[in-house]
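# A closer look at the structure
Spelled out, the chains give:
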Amino acid sequence: MTLGLSGGLSASLSGAAQLHGPLLEQTGVFRGNALLLTGPARVGKLALAWAIAAQHNCAGTRGMYGEACGQCPSCLALAAGAHPDVLLIEPRATTTTGKAARRRVIPIGAILESRDKGREYDVHVFEFLEVRPTWRRRVVMVQGAEFLGQEAANALLKLVEEPPHGALFVFLAEDLRAVLPTIVSRSARLNVAPVSDPALERALARQGEAADPALVEFAAGRAGVLAHAATVHAALTSAAEFTDALGEGLLSALEAAEQLEKHWDPAWHPETLRFAWRTLPPHQRARADAALLALQEALEAYASPSLSFQVLALRLREALGHA
Ligand SMILES: [Zn+2]
């Protein structure tokens, strides 16, 4: 099973209760077959889904929001990333022949055995649901429900309508309109909203992280950022350093580009760079953004990374009026 959360699943589980208590209160008494959690990227949907899986398998005394106890054997197994009753399905990136067009999709192979070789999942949903729960309830979490292909969704429907052994489906989606109506209509929908800055600060403190005003501002209420606090902190720092170096002359800019390439994290650097540029005048920001997009396209097209980063530095120096 893939660990959905870095930096301590158990801390994130209790964090989910503090940040999204009222939602957990509802999911704790939910007796239906499928939940659909919607909300912006990194708002904390996945942590909440893990907390729901914990909740529906917990054998201990629940907390004030009906959240899992965190101490019973089921909760401990889940926190260790070794819970036998939870399956996380995520989209795969597929590259169409030739050009870089990368598309994310949950193929039929995620749901049942398919002839589509090379796209199989280690465990598919049908197989997973044939087995009785070890604890109380098998939970299938579908991250990126909007990427379910029609064929995969059709295969899922029967399972969602009559889940073997009373299993629970938790679908996660950023864009509700992109989720197939057949899935939406069979699910109880819950909106996961951003939280306040003070709530994020308290959550950071509970995680044992130092207060980091830049991180809280960057997170903008998205609790999912906290699960990656150390990574984001590093990306924020390198984005700020790189941006500073652009104005220190051509040589510094090229050296900084080399450093950025070395530490490049496609999950966080584009966003942290835009964050570093948030105070620039709009016309500079637009040109900087175009340079960043060009870099991302070049990397996806497997252009030479070192050359692409050098070009980024040059274009940014121009965009920011340093050249
Ligand atoms: Zn428990």
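Residues numbered from 1 in each chain as written. Predicted model: local features only at pLDDT ≥ 70, side-chain atom pairs only at ≥ 80, totals over all residues. Heavy atoms only, no water.

What follows is about the sheet that holds strand β6 (residues 168-173). Judged by pairing direction, the sheet is parallel, and its five strands sit side by side in the order β2-β5-β6-β1-β7 without closing on themselves. This sheet does not close on itself; its edge strands, each paired only once, are β2 (86-89) and β7 (188-191). The mean angle between the axes of side-by-side strands here comes to 20 degrees, regardless of whether they run parallel or antiparallel. Pairing analysis gives four bridges linking strand β1 (residues 34-38) to β7, with the strands arranged parallel. Counted as the bridge partner of Thr38 is Asn191 from β7. Against the sheet, helix α3 (residues 45-55) contacts β1, β2, β5 (139-143) and β6, and its axis sits at roughly 170 degrees relative to β6. (Pairing = 2+ DSSP bridges. Helix = DSSP H or I, 4+ residues; strand = E, 2+ residues; numbered from the N terminus. Axes fitted to C-alpha atoms, helices over the stretch in contact; angles between N-to-C directions. Contact = heavy atoms within 4.5 Å.)

What the domain assignment lists for the protein is domain 1 (9-193) and domain 2 (204-319). Placing a centre on the C-alpha atoms of domain 1 and another on those of domain 2 gives a separation of 31 Å. Between domain 1 and domain 2, the residue contacts involve 11 residues of the former and 12 residues of the latter. At the boundary of domain 1 and domain 2, one finds one salt bridge. A salt bridge links Glu271 to Arg42; its shortest N-O distance comes to 3.9 Å. At the junction of domain 1 with domain 2, the criterion picks out three residue pairs in polar contact (both at pLDDT 80 or more). Tallying contributions element by element places helix α1 (residues 9-19) first for the side of domain 1 that touches domain 2, with four residues. When the residues that make up the side of domain 1 that touches domain 2 are grouped by side-chain class, the tally is four nonpolar, five polar and two charged. (Domains from an automatic or database assignment. Salt bridge = Lys/Arg side-chain N within 4 Å of Asp/Glu carboxyl O. Polar contact = N/O pair within 3.5 Å; in protein donor to acceptor, adjacent residues only side chain to side chain. Nonpolar A, V, L, I, M, F, W, Y, C, P; charged D, E, K, R; others polar.)

Let's shift gears to the packing of helix α2 (residues 21-28) against α3. At a minimum axis separation of 10 Å, α2 and α3 run at an interaxial angle of 40 degrees. Considering their axes alone, α2 and α3 lie oblique with respect to each other. Our pair here, α2 against α3, has a crossing hand that is right-handed. Judged by residue contacts, Leu23, Leu24, Thr27 and Gly28 of α2 engage Leu48, Ala51, Ile52 and Gln55 from α3. Counted by class, the contact of α2 with α3 contains five nonpolar, three polar and no charged residues. (Parallel < 35°, antiparallel > 145°, perpendicular 65-115°, else oblique. Left-handed = near helix turned anticlockwise from the far one by under 90°.)

Here the focus is the pattern of salt bridges. The full count for this structure, using the stated rule, is eight salt bridges. Overlapping salt bridges, with partners in common, bring together Arg42, Arg222 and Glu271 in one network.

On to the coordination of the zinc ion, then. In the first shell of the zinc ion, the protein supplies Cys58 (SG), Cys69 (SG), Cys72 (SG) and Cys75 (SG), at 2.3 to 2.4 Å from the metal. Viewed at the metal, the four donor atoms of the zinc ion are separated by angles of 101 to 117 degrees, and the geometry they form is tetrahedral. Judged by its relative accessible area of 3%, Cys58 is buried. Overall, Cys69 belongs to the partly exposed group, its relative accessible area being 21%. (Donors = N, O, S within 2.8 Å, 3.2 Å for Na, K, Ca; no water. Tetrahedral: all angles 85-135°; square planar, octahedral: opposite > 155°, others 65-115°. Buried < 20%, exposed > 50% of the residue type's maximum accessible area, 1.4 Å probe, protein only.)

So, on to the environment of Pro107. Among the secondary structure elements, Pro107 is positioned in the loop between β4 (102-105) and α5 (125-130). Residue classification places Pro107 among the buried positions, given a relative accessible area of 6%. For the pair Pro107 and Glu90, spaced 17 residues apart in sequence, the C-alpha to C-alpha distance is 9.8 Å.

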